[in-house]
Each structure stands twice: as structure tokens, then as C-alpha cells.
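# Architecture and fold: a report
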Amino acid sequence: MRIVSGIQPTGNLHLGNYLGAIRNWVAMQDQAAASGGQSFYFLADLHAISQPHVPAELAANTREMVAALLACGIDPKRSVLFNQAQVPAHAELQWLLNGTARMGWLNRMTQWKDKAGKNREGQSVALFTYPVLQAADVLLYQATHVPVGEDQKQHLELARDIAQKFNNDFCAEDAPLFTLPDPIIPPQAARIMSLRDGSAKMSKSDPSDMSRINLTDDADTIMQKVRKAKTDPEPLPETVAGLEGRPEAANLVGIYAAMAGTSAGAVLAEFAGKGFGQFKPALGELLVASLAPINARFVELRQDRAALDAVLAEGAERARAAAAPTLTAAYAALGLVR
């Protein structure tokens, strides 16, 4: 098993990032290590420049994200943790794969349509070819598994299409170059919603800080946000079916279940018939108890820039070594003399 996944260093990780991705990264890190496999986790700073950004903020956010990942349990001795910019093979392989990817494939990407909106002509080429870089990210390391949310599944399907076409066009039938990676979609907590709107995904771009639980929030702030989270006047039902049409209630129950490592049904069995005046304090206390160690470790780590840079440098060295055979083989398959 070889797991590859990345996250954009946009700063200010929140509960949705933790439950939807990072906690699963830690579990998969342990699973891969136990099976003799390997996990590669990277800060997608090359992806970040596909849209307008402030260079100084990108650099600061990259280091802050490393601190957060380490605080959450990513172990640089058991996983390869690095940022893309220190591994030029990502950009090189993207260019090589651009010859295989097709405009029609990229035009069908729903995230391109969503992010570009009506002003497609005004968007960067990097935003359009973003999925090809994602393909390079995973194919470069011969990933067998890639953890993805439902909103990224289409991009992994594209990576498989690119890999298959490259193998068919440039490799012997019995000696394909690229491994076709399989998706890992977390069975629960893959989509944590806003505390202010149960129909909207929890997001760091939401202008209201009350909409999310940040991993940097202290205990008092977490309790306040949970207390003020939007709900409805009805008590909690006995079954999950009773949450239908109640998105805010379903979200809070889902968060509790994910943090407690149980099911929504089990949470409702404990709190059925109780109002949010009883449920919210219990949820807040659970969040505080679970996130306090992460918060403390994060605050400590983010102060040591030299240590964070050393983690990235060591990870990048390992990533470059792992990427080299695939990149060399891709050049050779295309008939490029180096």
C-alpha cells in the first residue's frame, strides 16, 4: 500500500479539515506502516498559485500547516511530509502528462466550472490544468490509494484516465509505467457542515468565524461557538431517520459521533428526547477534551520555524528520491533524451 494525499496551505485548519481528512491521514499512516507500505503527505503550494495569492502569506501558511499536521499526529518518521515546491518532479511530470490529458476531459471537471464561474477567460491556465498536476502528484509516487472526498473523486478518475492512456500510448502492454490508484472515501465525517448553516460545508473562507471550529480555538471559544450554533426548537429524535429535514441538528449529531468514534444512531440513543440545551454542552466538552492536546502542541510547534523547515527539507529529500525512478521512466517512454 502506498498512500498519497495533499492539502492546500491556506492556513487556519478547522474541524472539517481534521475530521474529513487529517484524522484519516493519521489512521492511514499507521495502516500503511503496519502493512510495510508508505504514506506521502504534501502541502500543495504549487496548486495554491493557481489563484491570486499573497506570497508572504503562502510561505507563512505552509509552515503553519506543517505545524498543524504534526500536532494532529502526522509523524515525519513514519510518513513522508513535504511541500510540492521542493520537489520539482511534480511540475515536470505535470508537463509530460499535459501531452496525454485532453481539453475535453478538463472542461468536464465540475470544480473548474465552479471556481471559474462565468469568467473562464479571465482565469489562470494553472486553474484549468490543476487536475493534471493532481494526477502528477499521485502517479509520480505510484500511489495505490488516494484518500478523497466526494468533491475530489472526479479528479482521481481523471488521473486514472491519464495514466491508462499514457500506459496504452507509450508503454509495452506487459510493462505499464503508471499504477492506477484507487480512492479511499472515509465512511464517516467526510463532510462537516457550517455551524451557522447546515446546508453549507464548513469552510475557512466563510466570513463568519462562528461558522467553524478552528484547531487554534481555545476551550472558551469552542464552547461559545457550540452554544451559539444554529439549531431548531425540536428535541433530538430517537432514530437517524428523525433527523431528515433538520440539517443543523444532523450536523451536530454527526460531529459528536465522529469525535466520539461512534454512530449517529448511538448518539441519538443516548440523547433522544433531550433538547439542545443539554446536548450542546456535552458536545462542547467532547470537542474541548479532544482538541485541547492538538491545540497545545500546535501553539508550541508553530513558534519554531527552523524545526518546521527542517521537517519539510527532510521530507522533500525523501520525496525526490522516491519520485526519481518514475520521472526518469516517463521521459524515456516519451523519447526525450536527458
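The structure under discussion appears in the preceding block.
Residues numbered from 1 in each chain as written. Predicted model: local features only at pLDDT ≥ 70, side-chain atom pairs only at ≥ 80, totals over all residues. Heavy atoms only, no water.

## Remarks on the overall build of the protein chain
- Of the regular secondary structure elements, the protein chain holds 13 helices and five strands.
- On C-alpha atoms alone, the protein chain measures out to a radius of gyration of 21 Å, which is about the 20 Å that the 2.2 N^0.38 rule sets for 338 residues.
- Burial statistics for the protein chain: of 338 residues in total, 46% are counted as buried.
- Within the protein chain, counting contacts between residues at least 6 apart in sequence, those at least 24 apart form 76% of the total.
- About 15500 Å² of surface is accessible on the protein chain, with carbon and sulfur atoms providing 53% of the total. (Helix = DSSP H or I, 4+ residues; strand = E, 2+ residues; numbered from the N terminus. Rg over C-alpha atoms; globule rule 2.2 N^0.38 Å. Buried < 20%, exposed > 50% of the residue type's maximum accessible area, 1.4 Å probe, protein only. Contact = heavy atoms within 4.5 Å. Areas by Shrake-Rupley, 256 points an atom, 1.4 Å probe, with all protein chains shown as cover.)

## Let's talk about unusual backbone geometry
- With a phi angle near 55°, Gln142 is a residue other than glycine that sits in the positive phi range.
- Topologically, Gln142 is positioned in the loop between helix H7 (125–139) and strand S4 (145–147).

## Overview of the nonpolar core
- Counting residues in each nonpolar core, the largest one holds 57 residues, and the members touching the most others are Leu15, Tyr18, Phe279 and Leu291.
- A total of ten residues in this core trace back to one element, the largest contributor, which is helix H12 (residues 276–301).
- The contacts of Tyr18, once residues within four sequence positions are left out, are Arg23, Cys72, Leu215, Met259, Leu291 and Ile294. (Core = buried A, V, L, I, M, F, W, Y, C linked by side-chain atoms within 4.5 Å.)

## Some details on the packing of aromatic side chains
- This structure, assessed with the given rule, holds eleven aromatic pairs.
- Judged by centre distance (4.5 Å) and plane angle (5°), the ring pair of Trp25 and Tyr41 falls under stacked. Taken as a pair, Trp25 in helix H1 (residues 15–34) and Tyr41 in strand S2 (residues 38–43) lie far apart in primary sequence, 16 residues in all. Judged on exposure class, the residue Trp25 and its partner Tyr41 are both buried.
- Summarising the aromatic geometry, the rings of Phe40 and Tyr141 are spaced 4.7 Å apart at their centres and angled 25° between planes, so their arrangement reads as stacked. With Phe40 in strand S2 and Tyr141 in the loop between H7 and S4, the pair connects residues that are 101 residues apart, well separated along the chain.
- Of the aromatic side chains, those joined through ring pairs into one cluster are Phe40, Phe42, Phe82 and Tyr141.
- When the ring centre of Tyr130 is taken as reference, the NZ or CZ atom of Lys115 above it lies at 5.0 Å.
- Sitting over the ring of Tyr331, Arg338 keeps its end group 3.9 Å from the ring centre. (Phe/Tyr/Trp six-rings, centres within 6.5 Å; stacked < 30°, edge-to-face > 60°. Lys NZ or Arg CZ within 6 Å of the ring centre and 35° of its normal.)

## Some details on the environment of Glu300
- By the secondary structure assignment, Glu300 is in helix H12.
- Taking the C-alpha atoms as reference, Glu300 lies 42 Å from Ala330; in sequence the two are 30 residues apart.

## Considerations on the packing of helix H10 (residues 247–260) against H12
- Put simply, H10 and H12 touch, their axes get as near as 10 Å, and they point 40° apart. As H10 runs across H12, the sense of the crossing is left-handed. In this structure, H10 uses Ala249, Leu252, Val253, Ile255, Tyr256, Met259 and Ala260 to contact H12, whose residues at the interface are Phe276, Phe279, Lys280, Ala282, Leu283, Leu286, Leu287, Ser290 and Leu291. (Axes fitted to C-alpha atoms, helices over the stretch in contact; angles between N-to-C directions. Left-handed = near helix turned anticlockwise from the far one by under 90°.)

## Structural notes on helix H13 (residues 305–333)
- Compared with the 42 Å implied by 1.5 Å per residue over 29 residues, the 41 Å span of H13 between its first and last C-alpha is a close match.
- The largest bend in H13 amounts to roughly 40° and is located at Ala324, with the proline Pro325 lying one to four residues further along.
- Regarding H13, the residues found buried are Leu308, Val311, Leu312, Gly315, Ala316, Ala319, Ala323, Thr326, Leu327, Ala330 and Tyr331.
- Positive phi shows up at Gly335, right after H13, with a value of about 80°. (Expected span 1.5 Å × (residues − 1). Bend = angle between axes of the 7 residues up to and from the residue.)

## Details of a positive patch on the surface
- On the surface, Arg196, Arg227, Lys228 and Lys230 cluster together into a patch of positive charge.
- Look at Lys228 and you get partly exposed, because its relative accessible area is 46%. (Patch = residues over 30% accessible without salt bridge, like charges linked within 9 Å, V, L, I, M, F, W, Y side chains within 5 Å. Salt bridge = Lys/Arg side-chain N within 4 Å of Asp/Glu carboxyl O. Lys, Arg positive; Asp, Glu negative; His and termini not counted. Charge placed at Lys NZ, Arg CZ, Asp CG, Glu CD.)

## Brief notes about the side chain of His90
- Note on placement: His90 falls in helix H4 (residues 89–98).
- For His90, a relative accessible area of 0% gives the class buried.
- Apart from residues lying up to four places away in sequence, His90 is in contact with Leu46, Phe82, Gln84, Leu133, Ala136, Asp137, Leu140 and Tyr141.

## A few points about the pattern of salt bridges
- For the coordinates displayed, the defined rule picks out eleven salt bridges.
- One salt bridge in this structure joins Asp209 and Lys225, with 2.9 Å as the shortest N-O distance. Of this pair, Asp209 sits in the loop between strand S5 (182–184) and helix H9 (219–227) while Lys225 sits in helix H9, and the two are 16 residues apart along the sequence.
- The exposure class of Lys225 is buried, given its relative accessible area of 1%.
- A salt bridge links Asp217 to Lys225; the nearest nitrogen and oxygen atoms lie 2.8 Å apart.
- Look at Asp217 and you get buried, because its relative accessible area is 10%.
- Among the charged side chains, a network of salt bridges with common partners joins Asp209, Arg212, Asp217 and Lys225.

## What about H12?
- With 26 residues, H12 should cover 38 Å at 1.5 Å per step; its first-to-last C-alpha distance of 36 Å lies within 8% of that length.
- At Leu291, H12 shows its largest kink, close to 40°, and the proline Pro293 lies no more than four residues downstream.

## With respect to the pairing of strand S3 (residues 79–83)
- With respect to burial, S3 is a largely interior element, five of its five residues being buried.
- A two-sided burial pattern is seen for S3, the buried positions comprising Ser79, Leu81 and Asn83 on one face and Val80 and Phe82 on the other.
- Both S2 and S3 contribute to a ladder of five bridges, which runs parallel. Residue Phe40 lies in a different strand from S3, and its bridge partner there is Val80. (Pairing = 2+ DSSP bridges.)

By themselves, these observations are geometric and do not establish any function.
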